[in-house]
Each structure stands twice: as structure tokens, then as C-alpha cells.
Amino acid sequence: ARRSLTPEAMREVVRPHLDTDVRECFEQTLALAPFVRGEVVVQLVIGPEGRVWGAHTATDAPGFPLAEAGDCIAARVRTWRFPAPAYGATVAVNYPFVLSPE
């Protein structure tokens with residue numbers, strides 16, 4: 001059965017990647033700036049089959065070094081697979097990642 005691309009379905013895909021892809025990107029940033037924290041918003045486009053067609057850091061993202069973490073996360077997000085959007089649509093989503101050393 002195909003599931004729709006609901007906010008909960010998005011979270012189900014993102015959640016397993018928080019301790020791997022997202023954490024690895026943030027740890028690279030922490031090596032440069034150990035006390036950095038903040039939010040990075042990744043804009044992604046999900047195609048009709050659930051593949052990520054594009055992902056990049058939102059234009060209002062904070063400056064270095066969080067921007068580098070955002071670029072890394074966006075690159076990882078491009079490899080993730082989401083449920084297909086309803087009606088074969090293409091969907092644009094802004095997804096926030098809150099980054100903190102704790």
C-alpha cells in the first residue's frame with residue numbers, strides 16, 4: 001500500500017538519519033567550532049516516486065560554520081527515499097534541523 005507524504009511520514013524517514021547522516025555532518029562542523037548550535041533549514045524537492053530531486057540549504061540559513069553543516073546535510077538528504085506524494089505530485093518541503101552539541 002502506498003502511503004502519502006504526510007508530515008509524520010517525513011519524520012519517519014528523517015528520524016533514522018538523525019544519528020547517522022545529520023550527526024556526522026554536524027560533528028564535522030563541531031571540529032571547526034566546538035560550541036556552535038542553531039537551526040539549519042534544508043529545502044528539498046521530492047518527485048512523484050519519492051526520490052529527492054534536489055536539496056539545498058535555505059537562503060536564510062545562518063553563516064559559517066552552520067552553512068557548511070547545512071550543505072553536508074543537504075547532500076545526504078539527496079540520497080534519502082520518501083513515500084511518494086499523493087496524485088503523482090512533486091512536492092517542495094522546507095525541513096528544519098536543530099543542531100546542538102548535547
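Scroll up to find the structure.
Not measured: the values here are computed from a predicted model.

Conventions and cut-offs
Here the residue numbers are simple positions, counted from 1 along each chain's written sequence. With the structure being a predicted model, the display of local features is reserved for residues of pLDDT at least 70 and the display and counting of side-chain atom pairs for 80 or more, all residues being used for whole-chain, interface and lining totals. To obtain the side-chain values, all non-hydrogen atoms of the structure were included, while hydrogens and water were left out. Starting at the N terminus, helices and strands are each numbered in turn, a helix being any DSSP run of H or I of at least four residues and a strand any DSSP run of E of at least two. Here a helix's expected span is defined as the number of its residues, less one, multiplied by 1.5 Å. At any given residue, the bend is defined as the angle formed between two axes, one fitted to the seven residues that end at that position and one fitted to the seven that begin there. A 1.4 Å probe rolled over the protein chains alone gives each residue an accessible area, and that area as a share of the maximum for its type sets the label: buried under 20%, exposed over 50%, partly exposed in between. Here a residue-residue contact requires only that any non-hydrogen atoms of the pair lie within 4.5 Å. For this analysis, a salt bridge means a side-chain nitrogen from Lys or Arg found within 4 Å of a carboxyl oxygen belonging to Asp or Glu. Nonpolar cores are built from buried Ala, Val, Leu, Ile, Met, Phe, Trp, Tyr and Cys residues. Side-chain atoms within 4.5 Å join them into one set.

Participant: Residue-level account of helix H1 (residues 7-32), with values.
Facilitator: Relative to the 38 Å expected for 26 residues at 1.5 Å per residue, H1 spans just 33 Å between its end C-alpha atoms, considerably shorter than the ideal helical length. Of all the bends in H1, the greatest, near 70°, is centred on Leu18. The set of residues buried in H1 consists of Ala9, Met10, Val13, Val14, Asp21, Val22, Cys25, Phe26, Thr29 and Leu30. Against strand S1 (38-46), helix H2 (66-77) and strand S3 (91-99) lie the buried residues of H1.

Participant: Describe the side chain of Thr29, with residues and values.
Facilitator: As for its placement among the helices and strands, Thr29 is situated in helix H1. Using a relative accessible area of 3% as the deciding quantity, one classes Thr29 as buried. Once residues lying within four places of it in the same chain are set aside, the contact partners of Thr29 are Val36, Pro65, Glu68 and Ala69.

Participant: Could you give an account of the pattern of salt bridges, naming the residues involved and the relevant values?
Facilitator: All told, the structure shown has four salt bridges when counted by the stated rule. Across the salt bridge formed by Glu8 and Arg11, the nearest N and O atoms sit 3.2 Å from each other. Separated by three residues within a single helix, Glu8 and Arg11 lie in helix H1, roughly one turn from each other. Note on Arg11: relative accessible area 37%, which makes it partly exposed. Between Glu24 and Arg76 there is a salt bridge, and its shortest N-O distance comes to 2.9 Å. Within this pair, whereas Glu24 is found in helix H1, its partner Arg76 is found in helix H2, the two being separated by 52 residues in sequence. The class for Arg76 is partly exposed, based on a relative accessible area of 22%.

Participant: Account for the nonpolar core, naming residues and giving values.
Facilitator: Counting 28 residues, the largest nonpolar core has Leu44, Phe82, Phe97 and Leu99 as the members making the most contacts within it. Once you skip the residues sitting within four places of it in the chain, Phe97 turns out to touch Val14, Leu18, Val22, Gly38, Glu39, Val40, Val42, Ile73, Val77 and Trp80.

Participant: Before we move on, can you summarise the environment of Val36 with the specific residues and values?
Facilitator: Mapped onto the elements of the fold, Val36 is located in the loop between H1 and S1. A C-alpha to C-alpha distance of 8.2 Å links Val36 and Leu99, two positions 63 residues apart in sequence. Not counting residues within four places of it along the chain, the set of residues in contact with Val36 comprises Phe26, Thr29, Leu30, Pro65, Leu66 and Pro101.

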